[in-house]
Amino acid sequence: MRLSGFRILLLATLLLPFSTIAQAPKTYTSSEILLGLKKLNVLGSVLYIAAHPDDENTRLIAYMANGRLLETGYFSCTRGDGGQNLIGPELREQLGVIRTQELLAARRIDGGQQFFSRANDFGFSKTAEETFTIWDKEQVLSDMVWVIRQRRPDVLITRFPPDSRAGHGHHTASAMLAIEAFDAAGDPKRFPEQLKYVQAWQPKRLLWNTGSFFVKAGDDMRGYLKLDAGGYNPLLGQSYGEIAARSRSQHKSQGFGAAATRGEALEYFQPLKGEKAEKDLFEGVDMSWNRVSHGVHIAKLIDEIIKKFDANNPAASVSALKKAQGELQVMIISKHPRLLTSPTDRFWVRQKLAEVDNMIAACLGISIEATASQPSYAPGESINLSLDVVNRSSTTLTMNSVSGLLNGFKEAKLVGDTTKSYVLKPGKSLQLKYSIELPKDQLVSQPYWLQENGSIGMYKLSDSIYSKSLNWSYPDLGILVSKPESNPVATVHLSLEPYIGRGIPVQYKSTDPVEGEKYRPLTIVPPVAVNIGGHAYVFAENKPKTVPITLKAGQADAKGTVALQVPAGWKVEPASIPFDIKNKDEERTVEFRVQPTNSQQSTGQLRAVATMNGQAYSRGIQVIAYNHIPTQTLFPEAVAPLVKLDLMRRKQDIGYLMGAGDDVPDALRQIGYNVTLLKPEDLTAERLRRFQAVVVGIRAYNTIDRLKYLQPALLKYVEDGGNLVVQYTVSRGTVLPEIGPYPMKLSNDRVTVENAAITFLKPQHALLNAPNKITSKDFEGWVQEQGLYYPSQWDPKYQTIISSHDPGEAAKESAILVADYGKGHYIYTGLSFFRELPAGVPGAYRLLTNMIELGGKK
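Source: prediction; values computed, not measured. (Residues numbered from 1 in each chain as written. Predicted model: local features only at pLDDT ≥ 70, side-chain atom pairs only at ≥ 80, totals over all residues. Heavy atoms only, no water.)

1. Topic: the overall build of the chain
Regarding its fold elements, the chain presents 17 helices and 44 strands. Relative to the globule expectation of 29 Å for 858 residues, the C-alpha radius of gyration of the chain, 29 Å, shows essentially globular dimensions. Dimensions along the principal axes, computed over C-alpha positions, put the chain at roughly 85 × 75 × 50 Å. Counting only residues that meet the buried cut, the chain has 58% of its 858 residues in that class. Relative to all contacts within the chain whose residues are 6 or more apart in sequence, the contacts with residues 24 or more apart total 76%. Taken together, the 98 basic and 88 acidic charged side chains of the chain have centroids lying 2 Å from each other. (Helix = DSSP H or I, 4+ residues; strand = E, 2+ residues; numbered from the N terminus. Rg over C-alpha atoms; globule rule 2.2 N^0.38 Å. Buried < 20%, exposed > 50% of the residue type's maximum accessible area, 1.4 Å probe, protein only. Contact = heavy atoms within 4.5 Å. Lys, Arg positive; Asp, Glu negative; His and termini not counted. Charge placed at Lys NZ, Arg CZ, Asp CG, Glu CD.)

2. Things to note about the pattern of salt bridges
Enumeration according to the criterion identifies 40 salt bridges in this entry. A salt bridge links Arg151 to Glu71; the shortest N-O distance between them is 3.8 Å. Taken together, the residues span a long stretch of sequence, with Arg151 in helix H6 (residues 137-151) and Glu71 in strand E2 (residues 71-76) at a distance of 80 residues. In this pair, the class of Arg151 matches that of Glu71, namely buried. Taking the shortest distance from any N to any O, the salt bridge between Lys543 and Glu541 comes out at 3.9 Å. Shared partners join several salt bridges into a network, and the residues in it are Lys126, Asp806, Glu809 and Lys812. (Salt bridge = Lys/Arg side-chain N within 4 Å of Asp/Glu carboxyl O.)

3. A look at the packing of helix H2 (residues 30-39) against helix H11 (residues 343-364)
Between H2 and H11, the shortest axis-to-axis distance is 10 Å and the interhelical angle comes to 160°. In terms of orientation, H2 lies roughly antiparallel with respect to H11. The way H2 lies across H11 gives a crossing that is left-handed. Residues Ile33, Gly36, Leu37 and Lys39 of H2 pack against Lys352, Glu355, Met359, Ala362 and Cys363 of H11. (Axes fitted to C-alpha atoms, helices over the stretch in contact; angles between N-to-C directions. Parallel < 35°, antiparallel > 145°, perpendicular 65-115°, else oblique. Left-handed = near helix turned anticlockwise from the far one by under 90°.)

4. Observations regarding unusual backbone geometry
The linkage connecting Glu573 with the following residue, Pro574, adopts the cis geometry, with an omega of -10°. You can see Pro574 is positioned in the loop between strand E26 (570-573) and strand E27 (577-581). Look at the link from Ala770 to Pro771: it is a cis peptide, with omega at -5°. Checked against the element boundaries, Pro771 lands in the loop between strand E39 (759-760) and strand E40 (787-794). Non-glycine residue Phe191 carries a positive phi angle of around 50°. A relative accessible area of 10% means that Phe191 is categorised as buried. In this model, Tyr789 sits at a positive phi of 55°, which is unusual for a non-glycine residue. Tracing the sequence through the fold places Tyr789 in strand E40.

5. Some details on the nonpolar core
By size, the foremost hydrophobic cluster in this structure holds 77 residues, and its most contacted members are Leu707, Leu767, Ile816, Leu831 and Met851. The dominant element in this core, judged by the number of residues it contributes, is helix H17 (residues 842-853), at six residues. Those residues in contact with Leu831 that sit more than four places away from it in its chain are Trp782, Gln786, Gly787, Tyr790, Ile802, Ala815, Ile816, Leu847 and Met851. Grouped together as the second largest cluster of nonpolar side chains are 63 residues, Ala315, Leu385, Leu414 and Leu430 included. (Core = buried A, V, L, I, M, F, W, Y, C linked by side-chain atoms within 4.5 Å.)

6. Notes on the sheet that holds E2
As summarised here, the arrangement of the seven strands in space is E3-E2-E1-E4-E5-E9-E6, forming an open sheet in which the pairing is mixed. The open sheet is flanked by strand E3 (113-116) and strand E6 (225-228), the only strands paired with a single partner. On average, each strand axis in the sheet is inclined to that of its neighbour by 30°, with strand direction left out of account. Taken together, the six bridges between strand E1 (residues 45-50) and E2 define a ladder with parallel strand orientation. Residue pairing for E2: Ser45 is matched across the bridge by Glu71. Each of E2 and E3 is contacted by helix H4 (residues 92-110), which is oriented at about 155° to E3, the strand it contacts most. (Pairing = 2+ DSSP bridges.)

7. Thoughts on the sheet that holds strand E22 (residues 528-532)
Judged by pairing direction, the sheet is antiparallel, and its four strands sit side by side in the order E22-E24-E28-E26 without closing on themselves. Lying at the two open borders of the sheet, with one neighbouring strand each, are E22 and E26. Each neighbouring strand pair of the sheet contributes to a mean axis angle of 30°, computed without reference to strand direction. Here four bridges tie E26 to strand E28 (residues 587-596), and the two strands are oriented antiparallel to one another.

8. So, the packing of aromatic side chains
Summed over the entire model, instances satisfying the criterion amount to 14 aromatic pairs. Summarising the aromatic geometry, the rings of Tyr728 and Tyr789 are spaced 5.6 Å apart at their centres and angled 15° between planes, so their arrangement reads as stacked. Residue Tyr728 is found in the loop between strand E37 (723-726) and strand E38 (744-751), and its partner Tyr789 is found in strand E40; the two are separated by 61 residues along the sequence. As far as burial versus exposure is concerned, Tyr728 and Tyr789 are alike and both buried. A cation sits over an aromatic face here: Lys137 above Phe132, 5.0 Å from the ring centre. Its guanidinium or amino end placed over the ring of Tyr673, Arg649 lies 5.3 Å from that ring's centre, counting from NZ or CZ. (Phe/Tyr/Trp six-rings, centres within 6.5 Å; stacked < 30°, edge-to-face > 60°. Lys NZ or Arg CZ within 6 Å of the ring centre and 35° of its normal.)

9. Comments concerning the environment of Phe779
With respect to the element layout, Phe779 can be found in the loop between E39 and E40. Given a relative accessible area of 4%, Phe779 falls into the buried group. For the pair Phe779 and Leu847, spaced 68 residues apart in the sequence, the C-alpha separation amounts to 9.3 Å.

10. Topic: the pairing of strand E12 (residues 382-390)
Pairing of strand E10 (residues 367-372) with E12 involves six bridges; the strand directions are antiparallel. Its bridge partner lying in E12, Ile368 is registered against Val389. Here E12 pairs with strand E17 (residues 429-437) via nine bridges, running antiparallel. Paired with Val390 across the strands is Ser429, a residue of E17.

Here it is, written out as structure tokens:
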């Protein structure tokens, strides 16, 4: 007896590891296959819980997944949207997408699985109480409970303690939620709406994985469990510390490249809830096939397969694996004498069934690719694809059928010969051509958590994330809640004998002359995308500005009109512009003139709208491409802030030394400065002399190594009468011990309440008065945070200008430090201009202008 072909293929696809998405086909060495075979006899699971990408203990995950061979997951409450970006200018949602993919890259290395809640990382939070005023606590808890019920972990482990020692409100909140989720997951009265998809599940215990941040030398650790996670895995040829370093080093946007560790690495665990363990985290958990009804005979089959495994001929194991596969299929069929009696039985049998299927394919060494002829398609178009199958085994294969899915669960209309059988002899390949017709209402490939507008603290998930049409035994697998990314746009499913169900995501493949073969996810794009050329449009005068709009055709023969929508108090010319774009992917840029109609300071929003065949399109297209993650495509709304400023300035020529990457130079150009981007080789007395001010970008002293040698040139520029404005520098990892002309000690101090009240410490100081009078009103409307990485100590030669603080804390006076040095001025500021200027915050423009205009060269 067998499951229907479509159901077993769908099961295999929905349980596929995410490493198959936008990646080259996975191949296995004989040692990796042997490790996978051994895992078939381990029926245990662990879930690690923390707040952000990069919070996880990659060494422990590597040890659990590859040493203990457990189902190992990491639940991150957020996607890290509120952090900083060391590798580029992307912030907020774009950064969240990057950090999501960095986590997936890490899991592909350390062997874990990745899960998320709907919580939005709104920035640094100092208390869990504040965090829960912004997060919807019940919804985040619900998402955590969902993952526990769906993945049924035996043990939960938190990265942080449930108190202020965690050092971040999100950290503390993640541990508090884990404690509550431990009980709620097993209580059918909590979140009962989940029970039509999953069953209640009670983990055995919850522990806190303490570390060097929380344990000091000499601390009494007798109440803690401990294990050595530093072992060496001979089948992988690496220690778990070496695997962990490669995994953690995927967090490139956060600058978390890590050195490998080798040798003993003790991990300590403090019990928080559940049954107490004396020696091992999994005491009392039967992780053998004994935990499944009628499962003992499966263990014997797997033991025999492992015993007879031939590293030189893995395909010799296929016959025995087929037998195990058949037995598991029999067990999973209802109304059979070997009926599985519990949700735990069903969970493990379906999990191991997918693993066995994967091991059969690995032993056969089959290569299967489904590649599209182009990287993107518009709704209503047909995806032309090539299915390439290579039989690299010594066994003859027969392909019996081919089918397709859209968005992971919806049956696709696959055009081509889908029922013909093909015999594939050893060493032979097969290339077949198909097409998939996209419905006209096909959604664009926006990440599922960005399809609707959420709140500051939570993403909103639409009804479309639920696969209501998935009417079969495992509806929970079709639900996107907690999944790291959207399902592939299209998946091709084929049935091979010896019986293998393969679900292959359709990707686009190209060859780069430097990087070689590259894969990227297939993307559904709108018929026309509308990109506004700039983050914010800022008017210091009532003169018109040109607003370029770039239209990109998602299909051939894109015809229509594009217009700008502006609020009252603004005018735009012309009213609309026609466009006629012949070729797909071709771009056309048109220009509008926008002008404020009154002299009062005001803000608003500009929106670009293209109309084709009576349908309005108001989304742009943004491609995020870095070598360490798959290319990501977003479709942000085509909007930009409009700002009419009460602003004066005198200087003209500004030099800007970019650090980690930001959009401040474009913002300065908006208010009339001529901004020249500087390279390290430009930092000479002769080249700097022509600038009336020089601004140093965020984290420059963390990222530009040559500043350790070029700092004297910058200080000489100040000494000779220049004005140098240095934006925030992270306190750890500076390229030189002193970044100013006089000593200052950088710290992690910050003001996280963006609209915290300001006290002017020196109200008569020129920086607050010329050329613009700065008032408390200039600190209204700020976003995410007021400032970060303020110095905690500074030389008396620095003047403090303003003071503010978060609730319940002492005043912080070092948001702006000004020092006279020679004939010029040196300014260090931790104020978050890199966020405020692109957001169109008027006061941020006025204040930075005053810093640039302070004294110095005219």
